[in-house]
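Architecture and fold: a report
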Amino acid sequence: MRTVPVLTGAEAARLIGDSAVITISSSSGLGCPDAVLKAIGQRYAETGAPASLTTLHPIAAGDMYGIKGIDHLCRPGQLRRVLAGSYPSGSSKLDPPLIRGLIHSDQIQALNIPSGVLFQMHRAASTGQPGVLTEVGLGTYADPRLEGAKMNAVTEDFVQLMKIDGNDYLFYPAVNVDVAIIRATAADPYGNLSYQEECSTLGALDQAYAAHNNGGIVIAQVKRLSDAQLPTQAVRIPGILVDAIVVDPDQMQTTQTLYDPALSGEIHRDLDDIEPVEFGLEKVIARRAAAELQVNAIVNLGFGISAAIPRVLLEEGHAEDVTWVIEQGAVGGFPATGFAFGCALNPQALVQSADQFTLLQGGGFDVAMLSFLEVSGAGDVNVSYLAARPHVTAGVGGFSDIVTRAPKIVYSGYFTAGRKDIQITDGKLNIVSDGTVAKFVPEIAQISFSGEMARRRRQEVLYITERCVIELTEDGLTVIEIAPGVDLEKDVLGKSGVPLLVSPDLQLMSPALFRPEPMGLILSRKPSRIAHLVRQSALNR
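What comes next is a walk through the structure. This structure is a prediction, so every number in the text was calculated from the model and none was measured.

Considerations on the packing of aromatic side chains
The full count for this structure, using the stated rule, is nine aromatic pairs. With centroids separated by 4.9 Å and ring planes inclined at 70°, the aromatic side chains of Phe303 and Phe341 adopt a geometry described as edge-to-face. With a gap of 38 residues between them, Phe303 in the loop between strand E17 (298-301) and helix H7 (309-315) and Phe341 in the loop between strand E20 (334-335) and strand E21 (344-345) connect regions that are remote in the sequence. Grouping aromatic residues by their ring pairs yields a cluster made of Phe372, Phe399, Tyr411, Phe415, Phe440, Phe449 and Tyr463. Across from the ring centre of Tyr259, 4.9 Å away, lies the NZ or CZ of Lys223, which sits over that ring. The ring centre of Tyr414 lies 4.9 Å from the NZ or CZ of Lys420, which sits over that ring.

Right, here's the structure in full:
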């Protein structure tokens, strides 16, 4: 039976030639094959090879907190082009990652392709299909009528607009892959890979297919070797796809997390030690967003203020009333925050990220709980680009895939930006001094979500802030609720950078949102998809 060689990182790096197209499986620090990437970077520093690489990253490779990822490959001349769903990101107080410097100084070509689409591009390449035809990205920065997903002036055109049966679609061409660099927990002598200590397999299988079917090679970094053949049911990637193994016993499970078995679903952890969200404006916003959920709903969760929603539900006794689906692959459980974001404690299942996007792109869930940087008068949302400090945002990631057909989208964010003094007293909001930067503005820096497309698709869209709730209606952005203590004219309409409509049925946000004790949240129950069929069957017996 065929066996797979175990190589050092340096030996594996020598397998890669100049101008190779390399796909890398990672989600920031989660699943990042950092030891192999480091070896490739060291080889280039010593020999000047491999040079002029093209790299594909459905989700960011590496972070700004100890796992360098793509930054290992950022010496001048090593990279030619990068296609990524997201890029390493972090605090505005930190220096930008090296990859950002190359992009913004026009030293490499760079594209920000929606993560789900980029996974599908690998599937297309694996089977000889020309690419991916989809609605994902229409009317946004990815649309060639706007930016075409290009991140700088030297990037060549890539995304194409096509019309079929009178409808617009975007076409993302498949990219043939020479090398796949993936990661797993263990490998047996035959190259079979298991993922028992990983938080997700991400898209490693499809990336391996893309390289293997193109006559390329697959390099797998693992934590340990197994002397015996792995149990059949434990194998997530068969050894027939793997060409070389590199062992790194010190690989991190995810950013600043060596290993937590509750994140990989190996044990069940009690949630009693989860700290409640500190009382303040963010908690007010997260509480109001949580009130949009229903019992038994399938819910996608994003980064930012919205990430606090699961902790609000836990405090209110509703932690098990919704099922979370996270783009990295976790289904159910309790979404982690901070450095472990993208993982979940006690997940019910860990599916491939590539497969999770089939659910998300198809709208097979109930609501997306997301955040916003800024909103235009047309309801467009920017989450992907902050001009002053681009590395503060990771890029679009799976955002475009998620919002394209989401039945309902709840955005969370502050109404203004900048230094402010907003106090919460006696169930009311007291705006002593406000932020000087409007977040509802005539023109946003980048369109990550198209309000026009949402109206065409009849999606339900809310923008929840600390002082008001705004709905995207056929007529435009409409204020439907305001906080107790807030002056509609002075604090909302007067502080918006765009005209806002006001609902004739304007409501007051619940004062319970603005008190430190649990608010007594009550969730309505989502109607069962088959209850009426069961009832009808019983009547027909």
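Quick word on the environment of Ala344
Within the fold, Ala344 resides in strand E21. On the accessibility criterion, Ala344 (1% relative accessible area) is buried. Expressed as a C-alpha distance, the spacing of Ala344 and Ser200, which sit 144 residues apart in the sequence, is 10.0 Å. In this structure Ala344 touches Ala262, Leu263, Ile326, Ala330, Gly332, Phe334, Pro335 and Ala336, once residues within four positions along its chain are discounted.

Section: the sheet that holds strand E10 (residues 186-187)
Read from one edge to the other, the open sheet built from four strands follows the order E13-E10-E11-E14, with strand pairing classed as mixed. The open sheet has two free edges, formed respectively by strand E13 (224-225) and strand E14 (235-237), since each of these has just one partner strand.

Topic: the packing of helix H4 (residues 115-126) against helix H5 (residues 204-212)
In the contact formed by H4 and H5, the axes pass within 8 Å of each other and the chain directions differ by 35°. In this structure, H4 meets H5 at a crossing whose hand is left-handed. Here His122, Arg123 and Ser126 of H4 come into contact with H5, specifically with Asp206, Gln207, Tyr209 and Ala210. By residue class, the composition of the contact of H4 with H5 is two nonpolar, three polar and two charged.

Regarding the pairing of strand E12 (residues 217-222)
Most of E12 sits out of view: five of its six residues are buried. Relative to E12, strand E9 (residues 179-183) runs parallel, the two sharing five bridges. Its bridge partner lying in E12, Val179 is registered against Ile217. In this sheet, strand E15 (residues 244-247) lies alongside E12 in parallel orientation, the contact comprising four bridges. The residue bridging Ala220 from the neighbouring strand is Ile245, located in E15.

Definitions and cut-offs
Residues numbered from 1 in each chain as written. Predicted model: local features only at pLDDT ≥ 70, side-chain atom pairs only at ≥ 80, totals over all residues. Heavy atoms only, no water. Phe/Tyr/Trp six-rings, centres within 6.5 Å; stacked < 30°, edge-to-face > 60°. Helix = DSSP H or I, 4+ residues; strand = E, 2+ residues; numbered from the N terminus. Lys NZ or Arg CZ within 6 Å of the ring centre and 35° of its normal. Buried < 20%, exposed > 50% of the residue type's maximum accessible area, 1.4 Å probe, protein only. Contact = heavy atoms within 4.5 Å. Pairing = 2+ DSSP bridges. Axes fitted to C-alpha atoms, helices over the stretch in contact; angles between N-to-C directions. Left-handed = near helix turned anticlockwise from the far one by under 90°. Nonpolar A, V, L, I, M, F, W, Y, C, P; charged D, E, K, R; others polar.

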